[in-house]
Amino acid sequence: RRINRICGKEAQVGRLGGDEFVIIQALDDTTGEPEELAQQLIEELGRTFNIAEHRINIGASVGIALAPSHGDKGDVLLKRADMALYKAKAHGRNAVMVFENDLDFQAQERRMLELDIRTAIADGQFSLVFQPIASVETGKIELFETLIRWHHPTRGFVSPAEFIPVAEETGLVSEIGRWVLAEACRYAVQWPDDVSIAVNFSAVQFNDRRFPEYLGNVLRKTGLKANRLELEVTETALIDEDPD
């Protein structure tokens, strides 16, 4: 009702599912610029809702695609508005973003990277390196930090800063993380008993309810003592607001 009130009777408003809505709006001198309309929507949706005697506040982000400059077919416009929305969300809450051609290129690049990650998992393209951590007092190595490396057949070496965020967004990081854990433990069991191994633990893995069982199986299979393994929880896992 709030969206309809802002857009007027000429607009077509629908709910795509979840918390996503789509607006088809003809633009003319009476509607103003689409960015202005988007800001009005954000302000309207930002007003407190009173539902079942509870006061609820929400935010909204808006992605905009314009015809014919961004496409003249419905599916293309919807896809590009969604790309703009994705970019708006990356800028934080209550943001507005208009589609740009670069977004289409970025989306294609991201999709190709996702496909390459899947291939890398299947073909065993990942490898591990270990960074030693030594005691300042004794100079003795006490721990090795596990770092993942990816040598792509055509891309060359791909930085974890480039592929790990995509792996997290697509859920592939769980499969990668399990491989890293097993491989790191396999290496570490060959080291002296007083040297430990540290493995990064992402927010996605934090929500994997079967991970403790998998961890136990890895330790039993490799023979590594549990007190020699450290799981380094990433900052994103600690600040995740998901109540589950």
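For the structure, check the block above.
Computed from a predicted structure; not experimentally measured.

(A) Structural view of the packing of helix H6 (residues 172–188) against helix H8 (residues 211–222). One way to put it is that H6 packs onto H8 with a least axis distance of 9 Å and a crossing angle of 25°. If you check the angle between H6 and H8, you find them roughly parallel. Regarding H6 and H8, the two cross each other, and that crossing is right-handed. On H8, the residues that touch Arg 178, Trp 179, Leu 181, Ala 182, Cys 185 and Arg 186 of H6 are Phe 211, Tyr 214, Leu 215, Val 218, Leu 219 and Thr 222. Looking at side-chain class alone, the contact of H6 with H8 contains nine nonpolar, one polar and two charged residues.

(B) Examining the environment of Leu 45 more closely. In this structure, Leu 45 sits in helix H2 (residues 34–46). Leu 45 sits 40 residues away from Arg 5 along the chain, and the two C-alpha atoms are 11 Å apart.

(C) Representation of the packing of aromatic side chains in the model. Per the counting criterion, the structure on display carries seven aromatic pairs. Taking the centre distance of 4.7 Å and the plane angle of 50° together, the rings of Phe 144 and Trp 191 count as tilted. Within this pair, whereas Phe 144 is found in strand S8 (residues 141–152), its partner Trp 191 is found in the loop between H6 and strand S10 (196–201), the two being separated by 47 residues in sequence. Judged by its relative accessible area of 18%, Phe 144 is buried. Members of the aromatic cluster, each reached through a chain of ring pairs, are Phe 130, Phe 144, Tyr 187 and Trp 191. Arg 178 extends its terminal NZ or CZ atom over the ring of Tyr 214, reaching a point 4.6 Å from the ring centre.

What counts, and at which threshold
- Residues numbered from 1 in each chain as written.
- Predicted model: local features only at pLDDT ≥ 70, side-chain atom pairs only at ≥ 80, totals over all residues.
- Heavy atoms only, no water.
- Axes fitted to C-alpha atoms, helices over the stretch in contact; angles between N-to-C directions.
- Helix = DSSP H or I, 4+ residues; strand = E, 2+ residues; numbered from the N terminus.
- Parallel < 35°, antiparallel > 145°, perpendicular 65-115°, else oblique.
- Left-handed = near helix turned anticlockwise from the far one by under 90°.
- Contact = heavy atoms within 4.5 Å.
- Nonpolar A, V, L, I, M, F, W, Y, C, P; charged D, E, K, R; others polar.
- Phe/Tyr/Trp six-rings, centres within 6.5 Å; stacked < 30°, edge-to-face > 60°.
- Buried < 20%, exposed > 50% of the residue type's maximum accessible area, 1.4 Å probe, protein only.
- Lys NZ or Arg CZ within 6 Å of the ring centre and 35° of its normal.

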